Structure formats: structure tokens, C-alpha cells
Amino acid sequence: MSMKQKRVLITVLSILLVVGLSMAGLGWYAYNSIKATANKVYEPTKRITYVSKDTEVTLPEEEAVASDNLPFTVLLMGVDERTGDVGRTDTIMLLAVNPVKNDALLLSIPRDTRTTLIGRDVEDKINHAYAFGGVNMAVQTVESLLDYPVDYYVKVNMEGFAKVVDLLGGVEVNNPFAFTIDGQSYEKGPLKLTGERALLYSRMRYDDPRGDLGRQNRQRDIIQQVMKNALTVSSLTKANSMLEEIGSNVKTDISFDTMKDLLVNYRPKIEKISQQEIKGRGARIGGIYYYMVDQAERNRVHDLIKEHQQQTKPVKK
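J.: Just give me the short version of the packing of aromatic side chains, but keep the residues and values in it.
T.: Applying the stated rule across the entire model yields five aromatic pairs. On the basis of an interplanar angle of 20° and a centroid distance of 5.0 Å, the ring pair of F179 and Y186 is categorised as stacked. Across this residue pair, the class does not change: F179 and Y186 are buried. Ring pairing ties together the aromatic residues F177, F179, Y186 and Y201, which thus form one cluster. Its guanidinium or amino end placed over the ring of F179, R218 lies 5.7 Å from that ring's centre, counting from NZ or CZ.

The structure is reproduced here in C-alpha cells:
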């Protein structure tokens, strides 16, 4: 598994703990600070357990996944929460982990995907689910779209994450093409970005030939680079400031104990990560742009996840 793939997995599974492990040299005080931050960001959902129509699934109780070699899923949401705005999920990705098969599947879900919002029973953009019903509605709507249960979620406030970028001295990205957004120009090629510029970089989509999918890639790159830079943190002052920002801008229903077990017992078994995208087409309904995904594609994605999460290794031919 390449270093880039490892960073993707670390980011999604343990966005907090990887920072803590990188600061292991800070000793017991740091461990307790990390544990306190993990407890601060812990926010369980109040949703009803979802069971796929053709898959018998028993969702693990809290703490039960670790050490059992059970496959599980994590919904990663990058939320754009600006002042005075409830926020919407700009980035939506499902990570399906299967330690038995030694791999993980990372599925990107376009934010404009038109689907039924669970709890409102209306057809709308999938990223509006968070705006109307928070994490609970967002998770349940993704479950309905994919017809597959979500075990855990991780929510990252991209606005607050910019402060973490500055604390770490900026991030380096390789921009595939030149563009301008809000008066800020981004040249093609390697760039080092401050937190504010990194946030703008991650938000642009209208000048991207891949639209929302391109923006998702940039946001994923920013998060990966933040985690990579966190590995160099050695200053106690900087570490405490970073933990404070993370505590204010991350929420998850993965407890501290489960995070540790996922890193210790699961991550070493994952040898590769395959990335998938939901295929669809753009359309305007009532003057509003939507990403339309037909039932055949939904079935394809469902079957892809279902097959990936089977607890037996494929037979070699």
C-alpha cells in the first residue's frame, strides 16, 4: 500500500488519534490531552439501525467492532459551516473496510446527487440532508441512497480546519490546472497554501472540468496533507493549540477506545484502497442543477459495497 493510500485510511479512520500517535514523545500528559479531545468530539447519533433490503446486517454495539475482524463502514463528511449558516456537506465519502480481504473501498458521493431526504420525504440534493436534519438525517439519507448501513461517521468543519493548516505551517498541494476564485489566483503545479488559501482551494468547483468530483479530490488532498504535517509536531504548545482546534471542529461517534483498536488491530491488515465514484449525469429541474443517478447505478454501487464487505476472501482462479 502506497504512502498516499495509508494517509487516506488514517485520515478517515482516526482523524484524531493519528495526531495523538504522532505526538507520542510528549508523554503521559499528551496522551491525557488527546483522550480529553477524543471525548470532546465524541457525539453519537440517535438514528434507527438501518438494514439493507437484501442483506442481513447486525450493526456492532459500541466498542464491538475492534479486534473482531468484522467489516465496517465510515461516512466522512466535510461540512462547510460558515458564520450564520447551518452548513452543508461539501464532501461526502463512504469508506468500507474489510480486514478479512485486506483492503478498503473509498466511495465518493457527489454533493448534488438528487435523492430522497430521509425524514422529509422530498427529493433534493443529498448535501441538504445535513442542513435540514444534521448528522442523523445525513447518515440515514446516505444509507437509503446506497441501500447499505453506515456504522460510524466523522464530520470535519472545513472552515475551522483552516486554522489547523496555519498551525502546521501551511500545506503543499500539486494543482492540476490554474484557476482564480474570490480574487485569489492559483497557478498550475506545486503550491504551498496558508489556511485561508487552502480553504478557497478546496471550495472551487465551477471552473473544474470535473465539477464537484474535482472539488472532493482537492478537499481530500488538503485533509491528507494536514495529517501528514501533523506527524512532525513536536512542540507542546503547538500540539495543544492543534488539539483545541480539532476539538472544536470535528465530531464523530467513534469513541477513543475504538479509535485505538482500529489503528492497532485494523490498519496493519489493510494492504490497499480502491477508490470509486458514483456515475450519473447533470440535469436541471425547476432551474436547479442536480446530479442524477439512475436505479441501475445505485444497484451497481450497492452490489459493489455488499460484495466488498463479505467476510470471506474471493476464490483465486
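More follows now that the structure is in view.
J.: Account for the sheet that holds strand β6 (residues 152–157), naming residues and giving values.
T.: Pairing is mixed across the open sheet formed by six strands, whose spatial order is β11-β6-β1-β2-β3-β12. Edge positions in the sheet fall to β11 (250–252) and β12 (272–277), since each has one partner strand and no second. For this sheet the average axis-to-axis angle between neighbouring strands, irrespective of direction, equals 20°. Pairing between strand β2 (residues 88–98) and strand β3 (residues 103–108): six bridges, direction antiparallel. Residue pairing for β3: N98 is matched across the bridge by D103. With respect to the sheet, helix α5 (residues 158–167) is in contact with β1 (72–80) and β6, its orientation differing from that of β6 by roughly 70°.

J.: Go over the pattern of salt bridges, please, and point to the residues and values.
T.: In this structure the tally under the stated criterion is six salt bridges. Note that D112 is salt-bridged to K125, the shortest N-O span being 3.4 Å. Of the two residues, D112 is situated in the loop between β3 and β4 (114–117) and K125 in strand β5 (residues 122–125); the sequence distance between them amounts to 13 residues. Of the residues examined, D112 reaches a relative accessible area of 2% and is grouped as buried. When the shortest N-O distance is used, the salt bridge between E123 and R114 registers 3.9 Å. Taking relative accessible area as the criterion, E123 reaches 41% and is therefore assigned partly exposed. A relative accessible area of 18% means that R114 is categorised as buried.

J.: I'd love a proper account of unusual backbone geometry, names of residues and values included.
T.: Despite not being glycine, D121 shows a phi value in the positive range, around 55°. Mapping D121 onto the fold places it in the loop between β4 and β5. The backbone phi angle of D182 is positive, close to 50°, even though this residue is not glycine. Among the structural elements, D182 can be located in the loop between β8 (179–181) and β9 (184–186).

J.: Outline helix α10 (residues 295–308), supporting the account with residue identities and numerical values.
T.: With 14 residues, α10 extends 20 Å from end C-alpha to end C-alpha; this agrees with the ideal 20 Å at 1.5 Å per step. All of the buried residues along α10 are E297, R298, V301, H302, I305 and H308. The buried side chains of α10 occupy one side of the element, clustering within an arc of 135° when seen end-on. Exposed side of α10, more than 90 degrees from the buried face: A296 and E307 are the residues found there.

Thresholds, definitions, all that
- Residues numbered from 1 in each chain as written.
- Predicted model: local features only at pLDDT ≥ 70, side-chain atom pairs only at ≥ 80, totals over all residues.
- Heavy atoms only, no water.
- Phe/Tyr/Trp six-rings, centres within 6.5 Å; stacked < 30°, edge-to-face > 60°.
- Buried < 20%, exposed > 50% of the residue type's maximum accessible area, 1.4 Å probe, protein only.
- Lys NZ or Arg CZ within 6 Å of the ring centre and 35° of its normal.
- Pairing = 2+ DSSP bridges.
- Helix = DSSP H or I, 4+ residues; strand = E, 2+ residues; numbered from the N terminus.
- Axes fitted to C-alpha atoms, helices over the stretch in contact; angles between N-to-C directions.
- Contact = heavy atoms within 4.5 Å.
- Salt bridge = Lys/Arg side-chain N within 4 Å of Asp/Glu carboxyl O.
- Expected span 1.5 Å × (residues − 1).
- Arc of directions from axis to C-beta.

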